[in-house]
Every structure is written in structure tokens, then in C-alpha cells.
Amino acid sequence: VAALAAPSAQAGRLDDVKKAGVLHCGIALSNPGYAFNNDKGEIVGFDVDQCHALAAAIFGDPSKVKLTRMNLKTAFASLPAGSVDVLTHRFTWTFTRDVGTGMDYTRPMVFDGQGFIVKKSLGVKKLSELSGATICLAQGTTTELNVADYFRTHNMTYKSVSFASQEQASDAYAAGRCDVYSNDSFSLRTHRTAYPNPDDHVILDEIISKEPIGPMVAQGDDNWRDLVFWTMNALLAAEEDRVNQANVDDMRKNSKNPEVQRLLGVTEDFGGKLGLSKDWAYNAIKAVGNYGDMWERWLGPKTKIGAKRGLNALWKDGGEMMSPPFR
């Protein structure tokens, strides 16, 4: 039985990815902190790191990634069609996206909520003052639906100015085509950094929705979903166990923690159950660090985004982030 398990584990999408020699990853069009061009013209960010972690887990080489920027419509069509292997784009996990669309979510990598940004000169302090406002929104998004629900529930009126993508909606707001721009709160922070005068804009404190966001895969390949799910968990487990990009070699060699030994392939071959090498999780952590490393690198207080962890802190620090046990 054991001899037959390995070939079956590698069937499907993983086998296709290995044959192609590259992981095809769909990402956001342009989103500072998550997926954007650095000074060298390289596409980098929190969502891009997830792609590199998966490539490292599969190939032992984080560079074996093909990144394709996609809007909502092309992304949702491309994943079931097999044009991309995984989406790390910032799409909220909802019932209607997860059921009947040919797509599966894996796990939340960011817990967010929808907020609003307005020009400081308007003097707006709270959402109740936005009745009658013109709001820039992206078509076909949860953002658009949440605004409709909220304003209807609170007997408020608004005028929607719709665009094909969040990027276009943000640019239109910055150009003065509407009073307000609404998006996930962390994304509002990232977009504000790109405005000519970021300090001229204020993000209101109120949040109107819950937005769990994480990698998506095509439905129907349980092993591929497990691979993406557990690679993301490995990054979280590493932070829980204080394994990071700088100390992972030392921890693999010297840690006496049984879970660390299992995670890094010292005492267990969990990778073999996924069709990967024994050191798959070690390779992922070595490539991008743990979850906290990624957060601090792209989103944390020392970045232009300046985001606090909040719900994205580890469970033992009062947040919602945890990995199922590696055992």
C-alpha cells in the first residue's frame, strides 16, 4: 500500500506543475505591500511571497514562479480553466465564490474588513456623515455589495461610480471623481501610499464587514489543495515555534521541539504524503521566512503601510492566526 501512495499523491495539478517546471501564480494588478514593483522592477509583496513559498516547497527553488497580474473577472475564469495553478490575489472568501464556481479557498492568510477613505478637507469623521456621498467602487466585488447593504440598512443614500478594478477605482478617487473610496482596510492603507499627498486622506475608523482572504485553487484536486493549505500553515507554525528565515538552519539541526522536528522534516516525512520532498516546509521557510517575517517585511509598522497585526496576530497573542498541529 505504501508503495502505491506516492504516485497517486503526485497526480493531477502537482504533476502538471512539476512537468512545467514552474508554478503559475495569479496576483493582483498592482497593490503596494501585496503585489507591486520595487525599485528594481521586480514584482514583490506579501501575496508574491506566498507564491515563492509554494515554489520552494515544490521545487526547492523559490524563483520557479510565473506571476500573472489579473483582475477579478480574468482571475475567476482562469483558475477553473487551469490557466493558473493558484491565486494569491486579494479575493474575499464568500459562500458564492467557494460553492459552484469551480474554485476552492484554502485558508485565510489575512483577516481584513471593509473601510472608507475620504479627503481630510471634507471634515468627515464617521460613516453616518457619508449619506449622499459619491463612492468609487470596483464592479462585481464584495466591496460593492457591502456598501449597498450597509447604506440600505442605515437608511442612507449614495451614488456609486463603478470601475473594472480596485486600482481604477482608487485612481479615480485620487483624481477627484468621487468623495470616497471603499475597499478592504489594509488595501486602503496600501493605495494611500501611492497618492501624491497621502496625508491629505484619512481612513475612517469604522469597519463594515469581515473579509477573510487567502489563496485559491481549482476545485477537484484534493492533494493540490492540501499542498497549498499546509504550505501556508507551515509559515504560521514556524512563527508559533519561533522558527524564522534567519534561524531555520540552526533549528533544523539543534531544536529539541518535537513539532519543529516534524515541521522541518527531521523526524517525519510529511512532504512525502503531499508528493514533495521531506524538507518541503524547511525550503518554504528558508525562502520567505515565517508568517511574521512576511508581515513585517511588507505590511508592518516599519513599512509605508504601517499595519498592526490585529486579528492577524497569532492566537496566543490575541489574534486569529493559528496552524493546525503538525503531527
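Quick caveat: nothing in here was measured; it's all calculated off a predicted structure. (Residues numbered from 1 in each chain as written. Predicted model: local features only at pLDDT ≥ 70, side-chain atom pairs only at ≥ 80, totals over all residues. Heavy atoms only, no water.)

A. Spotlight on the packing of helix α3 (residues 46-59) against helix α9 (residues 222-240). It is the contact of α3 with α9, at a shortest axis distance of 10 Å, that shows an interaxial angle of 110°. Considered as vectors, α3 and α9 are oriented roughly perpendicular to each other. With respect to the hand of their crossing, α3 and α9 are arranged in right-handed fashion. Contact residues: Gln50, Ala53, Leu54, Ala57 and Ile58 in α3; Trp224, Leu227, Val228, Thr231, Met232 and Leu235 in α9. (Axes fitted to C-alpha atoms, helices over the stretch in contact; angles between N-to-C directions. Helix = DSSP H or I, 4+ residues; strand = E, 2+ residues; numbered from the N terminus. Parallel < 35°, antiparallel > 145°, perpendicular 65-115°, else oblique. Left-handed = near helix turned anticlockwise from the far one by under 90°. Contact = heavy atoms within 4.5 Å.)

B. Representation of the state of the cysteines. This model, assessed by the stated rule, comprises two disulfides. There is a disulfide in this structure between Cys25 and Cys51, and the S-S distance comes to 2.0 Å. One quick way to see it: the torsion about the S-S bond of Cys25 and Cys51 is about -65°, and its sign makes the bridge left-handed. Within this pair, whereas Cys25 is found in strand β1 (residues 23-27), its partner Cys51 is found in helix α3, the two being separated by 26 residues in sequence. The pair formed by Cys25 and Cys51 is uniform in burial state, with each residue classed as buried. (Disulfide = S-S within 2.5 Å. Buried < 20%, exposed > 50% of the residue type's maximum accessible area, 1.4 Å probe, protein only.)

C. Focus on unusual backbone geometry. Despite not being glycine, Asn155 has its phi angle at roughly 50°, a positive value. Summarising the element assignment, Asn155 is placed in the loop between α6 (142-153) and β10 (158-163). Judged by its relative accessible area of 72%, Asn155 falls in the exposed class. Non-glycine residue Arg242 carries a positive phi angle of around 60°.

It is worth stressing that arrangement in space is one thing and function is another; only the former is reported here.
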